[in-house]
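# Inside the fold
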Amino acid sequence: MGVLDLIKSRRSIGVVDERDVPDEVIHTLLEAATWAPNHKKTEPWKFRVIKGEGRAKLGEEMGRIMKLKTADLSEEEAAKKVEKAAKGPLRAPVIIAVCVSPSGKVPEVEEVVAAGCALQNLLLTATEKGLATICRTGDIVYQPELKQYLQLEENDQIIGLVYVGYPKKELDIKAQRTPIEEKTIWYQ
Ligand SMILES: Cc1cc2nc3c(=O)[nH]c(=O)nc-3n(C[C@H](O)[C@H](O)[C@H](O)COP(=O)(O)O)c2cc1C
């Protein structure tokens, strides 16, 4: 498959089965991620791989953080959100947190873009390997407590939590994009 077809065939897929993703496949995804372009060779990315028991532990932490953030809600509403947050990481066998660690050597936006390129490399390689992925964020990834749990530094940011697994069934998701004409001005 050519690059354009691979790019177009990648879809965000959140429903996966229980099949484990071999560590060597995870290594390949991470290796692909690190070949992203980056200004001044800062390689501003960090990855956290969460699998097995690590997912339940992450869920516990996310539930704990959600509890802190929902203190002003009714007990029932808060409990629902806490339970949802705690179960989140169990939705896939592997979660890869793609993070940016700005070096200070180039504008921060460039570091975020580089980490975004790393994310796309990872997603495309996963697609090529027949894996389903979805990058998820939500308020939780912006909480300093989660950064601390993932051993990130104060200036680091989580770009997204990529849920990785094998798709439960053959999916034919219809996707659309705005025509490039509506997004582009040519000067010639
Ligand atoms: C940085 C980032 C954060 C995202 N966060 C979420 C999210 O929190 N929940 C979600 O369902 N999808 C999330 N997505 C996935 C988008 O919803 C998805 O890419 C979009 O719907 C386009 O679909 P496609 O990936 O199949 O082309 C995120 C994507 C990116 C790049």
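Computed from a predicted structure; not experimentally measured.

Analysis parameters
- Residues numbered from 1 in each chain as written.
- Predicted model: local features only at pLDDT ≥ 70, side-chain atom pairs only at ≥ 80, totals over all residues.
- Heavy atoms only, no water.
- Helix = DSSP H or I, 4+ residues; strand = E, 2+ residues; numbered from the N terminus.
- Rg over C-alpha atoms; globule rule 2.2 N^0.38 Å.
- Contact = heavy atoms within 4.5 Å.
- Areas by Shrake-Rupley, 256 points an atom, 1.4 Å probe, with all protein chains shown as cover.
- Lys, Arg positive; Asp, Glu negative; His and termini not counted.
- Charge placed at Lys NZ, Arg CZ, Asp CG, Glu CD.
- Axes fitted to C-alpha atoms, helices over the stretch in contact; angles between N-to-C directions.
- Parallel < 35°, antiparallel > 145°, perpendicular 65-115°, else oblique.
- Left-handed = near helix turned anticlockwise from the far one by under 90°.
- Nonpolar A, V, L, I, M, F, W, Y, C, P; charged D, E, K, R; others polar.
- UniProt positions renumbered as here; feature names shortened; annotations may be inferred.
- Near = heavy atom within 4 Å.
- Polar contact = N/O pair within 3.5 Å; in protein donor to acceptor, adjacent residues only side chain to side chain.
- Pairing = 2+ DSSP bridges.

## Describing the overall build of the protein chain
The helix and strand inventory of the protein chain stands at 6 helices and 4 strands. Across the protein chain, helices and strands are ordered from the amino to the carboxyl terminus as α-α-β-α-α-β-α-β-α-β. On C-alpha atoms alone, the protein chain measures out to a radius of gyration of 18 Å, which is about the 16 Å that the 2.2 N^0.38 rule sets for 188 residues. Structurally, the protein chain occupies a C-alpha span of about 60 × 45 × 35 Å along its principal axes. Looking at the protein chain alone, contacts between residues at least 24 apart form 81% of all its contacts between residues at least 6 apart. Of the accessible surface of the protein chain, which amounts to about 12,100 Å², a share of 52% is contributed by carbon and sulfur atoms. Taking the average place of the 28 positive charges on the side chains of the protein chain and the average place of its 29 negative ones, the gap between the two points comes to 2 Å.

## A word on the packing of helix α2 (residues 23–34) against helix α5 (residues 108–128)
Taken N-terminus to C-terminus, the directions of α2 and α5 make an angle of 140°; their axes are 7 Å apart at the nearest point. With respect to α5, the element α2 is oriented oblique. Here the hand of the crossing between α2 and α5 comes out right-handed. On α5, the residues that touch Thr28, Leu29, Leu30, Ala32 and Ala33 of α2 are Ala118, Asn121, Leu122, Thr125 and Ala126. Considering only residue class, the contact of α2 with α5 consists of 7 nonpolar, 3 polar and no charged.

## Looking at the UniProt feature "domain: Nitroreductase" (unreviewed entry) in the protein chain
Sites flagged by UniProt as "domain: Nitroreductase" (unreviewed entry) map to residues 7–166. Between the first and last C-alpha atoms of residues 7–166 the distance is 18 Å; the span itself is 45% helix and 18% strand.

## Considering the site of the ligand
The environment of the ligand is made up of Arg10, Arg11, Ser12, Ile134, Cys135, Arg136, Thr137, Gly138, Ile159 and Arg177. A distance of 2.5 Å separates an oxygen atom of the ligand from a polar atom in the side chain of Ser12. Contacts to the ligand include Cys135, whose backbone N or O atom sits 2.9 Å from a nitrogen atom. Here the ligand, which alone exposes 610 Å², has 54% of that area covered by the protein. Looking at the shell around the ligand, the element that brings in the most residues is strand β3 (residues 132–136), giving 3 residues. Within the shell around the ligand, the residues separate by chemical class into 3 nonpolar, 3 polar and 4 charged.

## Observations regarding the sheet that holds strand β1 (residues 45–51)
Ordered in space as β1-β2-β4-β3, the 4 strands form an open sheet in which the pairing is antiparallel. Two strands close off the open sheet at either side, each with one partner strand: β1 and β3. Direction aside, the axes of adjacent strands within the sheet are offset by 20° on average. Sheet analysis places strand β2 (residues 94–100) next to strand β4 (residues 157–165), joined by 7 bridges and oriented antiparallel. The partner of Cys99 across the bridge, within β4, is Ile158. Packed on one face of the sheet, helix α3 (residues 53–69) meets β1, β2 and β4 and runs near 105° to β1.

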